[in-house]
Amino acid sequence: MSTSSDTAAPLTGLRVVDLATLFAGPLAATMLGDFGAEVIKVEHPAKPDPSRGHGPSKDGVGLWWKLLGRNKRTMTLDLSRPGGRTTLLRLAATTDVIIENFRPGTLEKWDLGWEELSAANPRLVLARVTAFGQFGPYARRPGFGTLAEAMSGFAAITGEPDAPPVLPPFGLADSIAGMATAYAVMTALAARDRTGAGQVIDMAIIEPILTVLGPQPIWYDQLGHVQPRTGNRSANNAPRNTYRTADGSWVAVSTSAQSIAERLMILVGRPELIAEPWFATGADRARHTDVLDEAVGTWIARHTRTEVLEAFEKAEAAVAPVQDVRDVMTDPQYAALDTVTTIPDDPELGPLRMQNILFRLSSTPGAIRWAGRPHGADTEAVLTELGLAEAEITALRSEGAL
């Protein structure tokens, strides 16, 4: 497990209020919490964050939440009630960042828009994460990452040429937007250091994934080129594919560098292909993918996965096993990096393993201090620290605001 004291973490002293659900906004807050920010997760009293019920659970405890809710204190608050609104404004006055993902206009409906929040705290950064952004013809539509994966062009280029477009079986667009939101928050905080004023971040989930997809817009703008679906193959280099080994496993091969492609041809016993005029560039090799796939695939099919990996390593050619989660949990490189780390003493589940923090800092590392906590576990503690008396907390409970 990654270890660090709070005083060493670079975001110590930063307070983040996470009002968001499913999944980009909460993930951004998680990433900030991993490096020392105090993250307060605010959930509806009767409708907890849906990630608590997403996917498998153990003993009634949602496992996805254990990951997404790590390093967060949890409290309940109904923002639509007067007491909930007042309490959030009190909380906002002590907060550096609020992350929300309600449909545009929802906070304003509760009189908790930017005007009210910035009046409570002019230094506040408000990150607004929605499917389509705060304005435009689609702004008020409901939306999820799946729609971004479709709209952005990702699905259109994913899959085999003669098969339907393929959507990822996980939250790809949300995850990309979560990382982009964390970056946006840090950028806004850097600006605040110079100006003294907070600002609004408008993060549309449909946008960061489009950036990740690369030069497609400029290709189309300048050349009219539309990238087709090519399965595992690439238009920029070859061989580049997955190949089945003699023992029924799969490996992935890439030859983005010319020197790697040449080493691979020598390894598989086809050095004569290097002399072909079309072998000199990745794009030209890609036009002869069938020949190259046959050469590489035939050789790999005669060897076990272990033999393939050892031979590639010796030849300094690029290869990786196609791993499922069982392989990931025992992979020696991931083990060396502690990429999947152990939380030794979760109060609900005991020892559990999850992805570690996103990167390593040599002087001010982050840490997983705890996994996701129960719904509302820190409500009274947070409100007491905020200065609310016991009678005020009781009144909020009576109103249904907690």
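Note that the structure is a prediction, hence the values are computed from the model and not measured. (Residues numbered from 1 in each chain as written. Predicted model: local features only at pLDDT ≥ 70, side-chain atom pairs only at ≥ 80, totals over all residues. Heavy atoms only, no water.)

### Thoughts on the pairing of strand β9 (residues 241–244)
Alternating positions in β9 separate cleanly, Asn241 and Tyr243 being buried on one face and Thr242 and Arg244 remaining unburied on the opposite face. Here β9 runs beside strand β10 (residues 250–253); their pairing, made up of four bridges, is antiparallel. Along β10, the bridge assignment pairs Asn241 with Val253. Hairpin geometry of β9 and β10 is characterised by an intervening segment of five residues between the two adjacent antiparallel strands and by a positive phi of about 85 degrees at Gly248. (Buried < 20%, exposed > 50% of the residue type's maximum accessible area, 1.4 Å probe, protein only. Helix = DSSP H or I, 4+ residues; strand = E, 2+ residues; numbered from the N terminus. Pairing = 2+ DSSP bridges.)

### Section: unusual backbone geometry
For the bond from Leu22 to Phe23, the omega torsion is -15 degrees, close enough to zero to count as cis. The residue Phe23 is located in the loop between β1 (15–18) and α1 (24–34) in this model. The omega torsion of the bond from Ala238 to Pro239 falls at -5 degrees, within 30 degrees of zero and hence cis. Examined against the element boundaries, Pro239 turns out to sit in the loop between α9 (216–223) and β9. Here Leu22, not a glycine, exhibits a phi torsion of approximately 35 degrees, which is positive.

### Describing the side chain of Arg128
Positionally, Arg128 belongs in strand β7 (residues 125–130). Residue classification places Arg128 among the buried residues on the basis of a relative accessible area of 6%. A polar side-chain atom of Arg128 sits 2.9 Å from a polar atom in the side chain of Glu108. (Polar contact = N/O pair within 3.5 Å; in protein donor to acceptor, adjacent residues only side chain to side chain.)

### So, the side chain of Arg15
Residue position: Arg15 is located in strand β1. Within polar-contact distance, the side chain of Arg15 engages the side chain of Glu38 at 3.0 Å. Residues contacting Arg15, with those up to four places away along its chain left out, are Glu38, Ile40, Leu91, Thr94, Thr95, Asp96, Val97, Glu385 and Leu386. (Contact = heavy atoms within 4.5 Å.)

### Describing the sheet that holds β10
Strand order in the open sheet made by the three strands is β9-β10-β11, with antiparallel pairing throughout. Lying at the two open borders of the sheet, with one neighbouring strand each, are β9 and β11 (319–321). Between one strand and the next, the sheet's axes are offset by a mean angle of 30 degrees, whatever the strand orientation. Relative to β9, helix α12 (residues 289–301) is tilted by about 35 degrees, and along the sheet it contacts β9 and β10. (Axes fitted to C-alpha atoms, helices over the stretch in contact; angles between N-to-C directions.)

### Focus on the nonpolar core
One finds Val16, Ile99 and Ile201 to be the most contacted residues of the largest nonpolar core, which totals 50 residues. Contributions of two or more residues to this core are made by α1, β6 (97–100), β7, α7 (172–195), β8 (200–204) and β13 (350–355). Sequence-distant contacts of Val16, that is, excluding residues within four places in its chain, are made with Ala29, Leu32, Ala37, Glu38, Val39, Ile40, Thr95, Val97 and Ile99. Among the nonpolar cores identified, the runner-up in size contains 26 residues, and Leu107, Leu124, Ile393 and Ala401 belong to it. (Core = buried A, V, L, I, M, F, W, Y, C linked by side-chain atoms within 4.5 Å.)

### Quick look at the confidence of the model for the protein chain
Of the residues in the protein chain, 98% have a pLDDT of 70 or more, and the chain-wide mean is 95. For residues 1–6, every residue scores under 50 in pLDDT, and the model assigns this stretch 23 contacts once sequence neighbours within four places are set aside. (pLDDT = per-residue confidence, 0-100.)

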